[in-house]
Amino acid sequence: NGEYASAFSGIKFGTGPRKIFKKSAIFSERAVSSVVTDTSDAQYFSSTDGVVMATNYRSDYHLEEEARVTLTRYLNGLVQATEQGSVDRQEMRDLESILLSVQMACKTISNLVNRAGINHLSARAITTDANTSYDPRSNSQIRLDLLSTDVLQNALRFTGKLRMISPVKSTNSSVLKREQKAAAQTVPPSTTDNNEHEHEHEHENSAEEDVVLNPSRATISVDDNKPSEHQPGVIIASGLDSKYVACLDPLDGSGNADAAICTATIFGIFANDADETPLKDEEELQQSVLKPGKTLRAAGYCLYSSATILVFSIGDGVHGFTLDPQLGEFVLTHPNIRIPERGNIYSCNEANSEGWSDGINRYLKAVKTGQGQSGEKYTSRYVGSMVGDIHRTLMYGGIFLYPSDTVGHPKGNLQLLYKSSPLGYLVEQAGGKCLTSGKADLLAAVPKKIHERAPCFFGSPDDIDELKDYLD
């Protein structure tokens, strides 16, 4: 049968010694020394003619294209690659359980997003308060967020191994109760919290954070000054018999769904530090995720766009699986994603540039005019849906930035815990770099609150290094 280096190097995720295991179902005995393909994008897609595969940068295995490796089969192969009866195998099984739950939810959410217009998910059905103005975009966003949160909660609950809470912010308890009652009469059970990427002028997070212990009713947190805006539900899930705790953003970019612009689910998985599992109380559970991104054990996103693509890492490279609508399964299409060393695209909301520092404006002027280090004029691409912009940056290189600005977002506008950290983890796993304010490593930043925001910069290593020269 031969021996093969595992794609999964133990639960230390690449930090421990490599182990040799017998051949599993997803491994090929054939060594591929070069990639031969008739496609123009051979770096990310397997050939239709022969065996092409992506070699994990820390592994020696090769996957056969004709095998049509599904995500379920892939994860099972990683489990089988660990030693029978070992702690590593049990912990990998726990990770597998969470990832398969996310996979199941993402299939349903993809269908909800794709059929939102057909199923009239943008209809007025969320609020019955006569004093609340009707905003078609906001109502569509609220409905999709509620449904996506509900789907994700049910998928995680289906494992029988997880319990959940949803931290909810409210600036006014009476407003929250009123919205809870209205939502409970019109939508499926779910919980919501904060989705900021599409709300460019929302107030900074200064509200008290409450915890919904048994989210059996939809909750909408509303700013009294902005009744049309809401805060979609971030989910924190803890293993009942494992040490893992996950933080999930069910539908980032949901405000763009009516315009058929991409949306996404984001997730990050930590190992809790408690001596006992499960965690004793909700406060302990919240504290268990307030950690720097460098301590993540796994992270990923599912992008709902022209195709539905689930991209994740367990600490040993980044892999992408595309949902095949004929099979109804996620199939490996982007093995071992590597971000280019330098790109020629910058992505940011330049409407906020008046409040940016002089250094950032000088950097953008340099790359736009071809006066940067590469000597090439950069082009601007900005979707306004964070994961869509990050996914393009992973594929083509370049830089994505959302700095603080003195006008509307003095602390930045993207949440550190459940947006920036998981995506920064993926970017670094793919060979890129990420920063926060003051040239600091984004993955070293420790959130003090669930919804804390921070400036963020992601991109190709050469582009980020160049940006550093301009930052204060």
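See above for the structure.
Overview of the structure.

Each value, and the rule that gives it
- Residues numbered from 1 in each chain as written.
- Predicted model: local features only at pLDDT ≥ 70, side-chain atom pairs only at ≥ 80, totals over all residues.
- Heavy atoms only, no water.
- 1 Å grid on protein atoms, 1.4 Å probe; cavity = no way out; pocket = protein on both sides within 12 Å on 5 of 7 lines; lining within 4 Å.
- Points joined across faces, edges and corners; volume = space filled by probe spheres on them.
- Helix = DSSP H or I, 4+ residues; strand = E, 2+ residues; numbered from the N terminus.
- Nonpolar A, V, L, I, M, F, W, Y, C, P; charged D, E, K, R; others polar.
- Buried < 20%, exposed > 50% of the residue type's maximum accessible area, 1.4 Å probe, protein only.
- Pairing = 2+ DSSP bridges.
- Contact = heavy atoms within 4.5 Å.
- Axes fitted to C-alpha atoms, helices over the stretch in contact; angles between N-to-C directions.
- Parallel < 35°, antiparallel > 145°, perpendicular 65-115°, else oblique.
- Phe/Tyr/Trp six-rings, centres within 6.5 Å; stacked < 30°, edge-to-face > 60°.
- Core = buried A, V, L, I, M, F, W, Y, C linked by side-chain atoms within 4.5 Å.
- Salt bridge = Lys/Arg side-chain N within 4 Å of Asp/Glu carboxyl O.

**Quick word on empty space enclosed by the protein**
- Across all of its chains, the model carries three cavities of 30 Å³ or more by this definition.
- By volume, the second largest cavity amounts to about 50 Å³.
- Together, Asp-94, Ser-97, Ile-98, Lys-161, Leu-162, Gly-239, Asp-241 and Ser-242 line the second largest cavity.
- It is helix α2 (residues 87-114) that contributes the most residues to the lining of the second largest cavity, three residues altogether.
- Of the residues belonging to the lining of the second largest cavity, the class tally is two nonpolar, three polar and three charged.

**Considerations on unusual backbone geometry**
- Although it is not a glycine, Ala-260 adopts a positive phi angle of roughly 60°.
- Structurally, the position occupied by Ala-260 is in the loop between β6 (244-252) and β7 (263-271).
- Given a relative accessible area of 73%, Ala-260 falls into the exposed group.
- Unusually for a residue other than glycine, Asn-336 sits at a positive phi of about 50°.
- Among the secondary structure elements, Asn-336 is positioned in the loop between β11 (329-334) and β12 (345-347).
- Residue class for Asn-336 comes out buried when judged on its relative accessible area of 13%.

**Topic: the sheet that holds β12**
- Spatial strand order, β13-β12-β14-β18-β16: five strands in an open sheet with mixed pairing. Single-partner strands in this sheet number two, and they are β13 (379-380) and β16 (433-435).
- Here strand β14 (residues 399-402) runs beside strand β18 (residues 456-459); their pairing, made up of four bridges, is antiparallel. Among the inter-strand pairings, Ile-399 is bridged to a residue of β18, identified as Gly-459.
- Along the sheet, helix α7 (residues 386-396) makes contact with β12, β14 and β18, crossing β14 at roughly 150°.
- Against the sheet, helix α8 (residues 416-429) contacts β16 and β18, and its axis sits at roughly 25° relative to β18.

**Topic: the packing of helix α1 (residues 71-80) against α2**
- At a minimum axis distance of 9 Å, the contact between α1 and α2 shows a crossing angle of 170°. For the element pair α1 / α2, the angle class is roughly antiparallel. Two secondary-structure elements touch here, α1 through Leu-71, Thr-72, Leu-75, Asn-76, Leu-78, Val-79 and Gln-80 and α2 through Arg-89, Met-92, Arg-93, Glu-96, Leu-99, Leu-100 and Gln-103.
- Residues belonging to the contact of α1 with α2 are distributed by class as follows: seven nonpolar, four polar and three charged.

**Structural notes on the pairing of β7**
- For β7, the tally of buried residues reaches nine of nine residues, placing the bulk of the element in the interior.
- What you see with β7 is no split at all: Thr-263, Thr-265, Phe-267, Ile-269 and Ala-271 on one side and Ala-264, Ile-266, Gly-268 and Phe-270 on the other are buried throughout.
- Note: β7 against strand β8 (residues 298-304), seven bridges, orientation antiparallel. Note on β8: the bridge partner recorded for Ala-264 is Leu-303.

**Thoughts on the packing of aromatic side chains**
- Taken as a whole and assessed by the stated rule, the structure comprises five aromatic pairs.
- A ring pair is formed by Phe-400 and Phe-458, whose centres lie 6.0 Å apart and whose planes are at 40°; its orientation type is tilted. Of this pair, Phe-400 sits in strand β14 while Phe-458 sits in strand β18, placing them 58 residues apart in sequence. The same class applies to Phe-400 as to Phe-458, namely buried.
- Among the aromatic residues, ring-to-ring pairing joins Tyr-74, Phe-312 and Phe-321 into one connected group.

**Looking at α7**
- Counted residue by residue, α7 has ten buried out of eleven residues, so it is predominantly covered.
- Backbone geometry just downstream of α7 places Gly-397 in the positive-phi region, at approximately 85°.

**Details of the nonpolar core**
- In terms of nonpolar packing, the biggest core is built from 45 residues, with Leu-75, Leu-156, Leu-248, Phe-267, Ile-269, Phe-312 and Phe-330 touching the most fellow members.
- Ranked by residue count, the leading element in this core is α2, at ten residues.
- Once residues lying within four places of it in the same chain are set aside, the contact partners of Leu-248 are Val-102, Leu-152, Leu-156, Gly-233, Val-234, Ile-235, Ile-266 and Phe-267.
- Counting residues in each nonpolar core, the second largest holds 28 residues, with Ile-266, Tyr-402, Ala-430 and Ala-454 among its members.

**Describing the pattern of salt bridges**
- Across all of its chains, the model carries ten salt bridges by this definition.
- Of the charged contacts, one joins Lys-419 and Asp-252 as a salt bridge, the two residues approaching to 2.6 Å between their closest N and O atoms. Of the two residues, Lys-419 sits in helix α8 while Asp-252 sits in strand β6, which places them 167 residues apart along the sequence.
- The class of Lys-419 is buried, set by a relative accessible area of 0%.

**Some details on the environment of Ser-357**
- The topology assignment puts Ser-357 in the loop between β12 and α6 (358-368).
- Using a relative accessible area of 25% as the deciding quantity, one classes Ser-357 as partly exposed.
- For the pair formed by Ser-357 and Tyr-470, sequence separation is 113 residues and the distance between their alpha carbons is 9.5 Å.

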